[in-house]
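Descriptive structure summary
Take a look at the letters that make up each chain.
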Amino acid sequence: QQLERKRTDSGSVGFGRQNILPFRQSRREAAMVSASNGNGGGVMKRMSALRVQYYCVMGAVAAAVVLATLRYMPGPAASTTSVARQAALAAAAAPAVETAASLGGRKRKELPAAAAEEEEKAEAKAKNEVVLFNFGDSNSDTGGVAAVMGIRIAPPEGRAYFRHPTGRLSDGRVVLDFICESLGTHHLSPYMKPLGSDFSNGVNFAIAGSTATPGETPFSLDVQLDQFLFFKERCLETIERGESAPVDEEGFKKALYTMDIGHNDINGILHLPYHTMLEKLPAIVAEIKKTIERLHKNGARKFLIHGTGALGCMPQKLAMPRDDDSGLDSNGCVATINNVCKQFNKLLSEACDELRLNLKKSTIIFVDMFAIKYDLVANHTKYGIEKPLMTCCGHGGPPYNYDPKESCMTSDKYLCKLGEKFISWDGVHFTDAANGIVASKVLSGEYSIPRVKLASIVIPPKSDD
């Protein structure tokens with residue numbers, strides 16, 4: 001009744017604040033009374049359950065808020081160095097090769113600059129680099145004997161080209177040097193030279209004084225061959241370990257193998273009767289032939305074999321005592337010695353013919369060095385040579401300027417003027433000028449069997465690309 005009166009008096013549909021509190025209080029007291037009398041147990045249980053649910057819901061909400069905060073909270077700004085490092089790692093990890101589908105038929109993507117440069121160098125080396133291995137004596141020695149024997153070769157050796165001694169027994173280059181130059185590669189380094197050697201284009205095993213016959217000299221042809229086999233084995237072993245070597249397996253296969261040896265073997269039998277000298281020649285040639293066969297067995301396929309020169313025209317031989325000049329030919333050379341040389345070349349040429357038949361997929365070129373070198377004497381005026389039988393650097397003056405007891409390096413030598421054309425430098429070995437003429441004829445193929453220019457078998461033809 002009181003509530004109804006209050007609603008009528010105030011004109012409001014709600015309870016006044018002063019009336020709500022007594023109402024709530026009376027309700028709470030009534031509930032407590034009922035509970036104390038034992039009638040409110042269910043109500044209290046329901047209220048406890050509601051409180052538990054309330055706390056669980058609130059806890060779950062709080063946990064969700066915390067997790068969301070941690071999840072989407074922005075981390076500390078990355079440093080410039082870290083970002084750059086991550087970018088570099090990502091770039092390095094990026095594949096250089098793409099699939100054929102993504103490339104639309106292209107097989108590979110451009111490699112990193114450093115890798116591409118190394119690949120280009122390797123391809124250029126494989127296509128263009130010339131490799132030579134030479135076996136011989138002083139005619140092709142580029143400093144081996146000086147290195148192995150510790151000989152200090154003094155001026156005027158080397159004066160015409162190098163301007164200083166190099167270990168070559170000449171005033172300049174030997175024939176092998178000219179061959180290297182014509183093929184676009186640097187001079188071959190001696191195998192025994194400890195300093196300044198570069199074996200990237202091959203090795204020169206020639207040693208002055210060497211023979212084709214085993215046991216006659218410390219570095220005979222069989223020893224030089226063993227040195228080559230050792231060098232090849234070490235190169236391939238080094239590559240197999242993942243390291244670099246001067247010559248790889250492909251380089252050994254495509255290399256040119258040159259031989260210029262046998263002169264000292266002939267010199268060693270010239271004191272014998274003529275028929276005995278001829279009987280000794282087949283054994284010398286057999287050693288050269290055997291060496292070619294062994295090289296072929298070890299992968300060699302291109303050979304350049306030099307015959308011997310006109311030893312009877314050397315001032316050293318002409319200066320030897322003789323009763324008269326009846327043994328000289330029309331050009332002033334010792335006929336008997338030259339006949340031995342020509343027979344040696346005949347046997348060596350025949351051996352090369354036989355090897356061509358037996359050694360498949362090989363190129364074997366024989367060069368008639370006798371014909372080339374004898375032509376220098378017989379037609380000397382054509383080459384601007386005035387004294388074909390005289391030594392440039394020697395003793396005694398004309399006609400031969402040679403004394404076996406004196407060296408070119410002594411102070412009282414008789415030395416020709418720089419620029420004068422001579423064939424013989426010291427009575428045995430050729431001058432730079434003469435070697436240049438000889439080399440040009442070797443390269444031409446005019447005196448070769450078969451007649452082929454040397455460059456055509458050594459330098460690969462240029463592609464049309």
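Our subject is the structure listed above.
In this report, we go over the structure that sits alongside the text. (Residues numbered from 1 in each chain as written. Predicted model: local features only at pLDDT ≥ 70, side-chain atom pairs only at ≥ 80, totals over all residues. Heavy atoms only, no water.)

With their axes 8 Å apart at the nearest point, helix 8 (residues 175–182) and helix 16 (residues 432–444) run at an angle of 55° to one another. Here helix 8 lies oblique to helix 16, going by the angle between them. Considering only the axes of helix 8 and helix 16, their crossing is right-handed. Facing Val175, Phe178, Ile179 and Ser182 of helix 8, the residues of helix 16 in contact are Asp432, Asn435, Gly436, Val438, Ala439, Val442 and Leu443. Residue composition of the contact of helix 8 with helix 16, grouped by class: seven nonpolar, three polar and one charged. (Axes fitted to C-alpha atoms, helices over the stretch in contact; angles between N-to-C directions. Helix = DSSP H or I, 4+ residues; strand = E, 2+ residues; numbered from the N terminus. Parallel < 35°, antiparallel > 145°, perpendicular 65-115°, else oblique. Left-handed = near helix turned anticlockwise from the far one by under 90°. Contact = heavy atoms within 4.5 Å. Nonpolar A, V, L, I, M, F, W, Y, C, P; charged D, E, K, R; others polar.)

What follows deals with the pairing of strand 5 (residues 363–367). Regular strands have side chains that alternate between both faces of the sheet. When you tally the buried positions in strand 5, you get four out of five residues, the bulk of the element. Of the pairings in the sheet, the one linking strand 4 (residues 302–306) to strand 5 comprises five bridges and is parallel in character. From the neighbouring strand, Ile305 faces strand 5, where its bridge partner is Phe366. With two bridges connecting them, strand 5 and strand 8 (residues 448–449) associate as antiparallel partners. Within the sheet, the bridge partner assigned to Val367 lies in strand 8 and is Ser448. (Buried < 20%, exposed > 50% of the residue type's maximum accessible area, 1.4 Å probe, protein only. Pairing = 2+ DSSP bridges.)

In this structure, Phe133, Phe135, Phe228, Phe231, Tyr257, Ile288 and Leu295 are the most contacted members of the largest nonpolar core, which totals 87 residues. Sort the elements by how many residues they give to this core and helix 14 (residues 335–358) lands first, with nine residues. Discounting chain neighbours no more than four positions away, the residues touching Leu295 are Phe135, Leu225, Phe228, Tyr257, Met259, Ala300 and Phe303. Cys408, Cys416, Phe422 and Trp425 belong to the second largest nonpolar core, which has seven residues in total. (Core = buried A, V, L, I, M, F, W, Y, C linked by side-chain atoms within 4.5 Å.)

This part is about the sheet that holds strand 5. Strand order in this open sheet of six strands is 2-1-3-4-5-8, and the pairing throughout is mixed. Looking along the sheet, the strands with just one partner apiece sit at the ends: strand 2 (202–204) and strand 8. Across five bridges, strand 1 (residues 132–136) lies against strand 3 (residues 256–260) in parallel orientation. The residue of strand 3 that forms the bridge with Leu132 is Leu256.

Along its 24 residues, helix 12 (residues 274–297) runs 36 Å from first to last C-alpha, staying within 8% of the 34 Å computed at 1.5 Å per residue. As for helix 12, its buried residues are in contact with strand 1, helix 9 (221–240), strand 3, helix 11 (263–267), strand 4 and helix 14. The positive-phi residue at the C-terminal boundary of helix 12 is Gly299, with phi of around 100°. (Expected span 1.5 Å × (residues − 1).)

Enumeration according to the criterion identifies three disulfides in this entry. Through a disulfide, Cys313 is tied to Cys333; the S-S separation comes to 2.0 Å. Disulfide Cys313-Cys333: torsion about the S-S bond near 105°, hence right-handed. Of the two residues, Cys313 sits in the loop between strand 4 and helix 13 (315–318) while Cys333 sits in the loop between helix 13 and helix 14, which places them 20 residues apart along the sequence. Exposure class is identical for Cys313 and Cys333. Each is buried. Two residues, Cys393 and Cys408, share a disulfide whose sulfurs are 1.8 Å apart. On the sign convention where negative means left-handed, the S-S torsion of about 100° between Cys393 and Cys408 marks this disulfide as right-handed. Of this pair, Cys393 sits in strand 6 (residues 393–394) while Cys408 sits in the loop between strand 6 and strand 7 (414–415), and the two are 15 residues apart along the sequence. The burial state of Cys393 is the same as that of Cys408; both residues are buried. (Disulfide = S-S within 2.5 Å.)

Read these as geometric descriptors, not functional statements.
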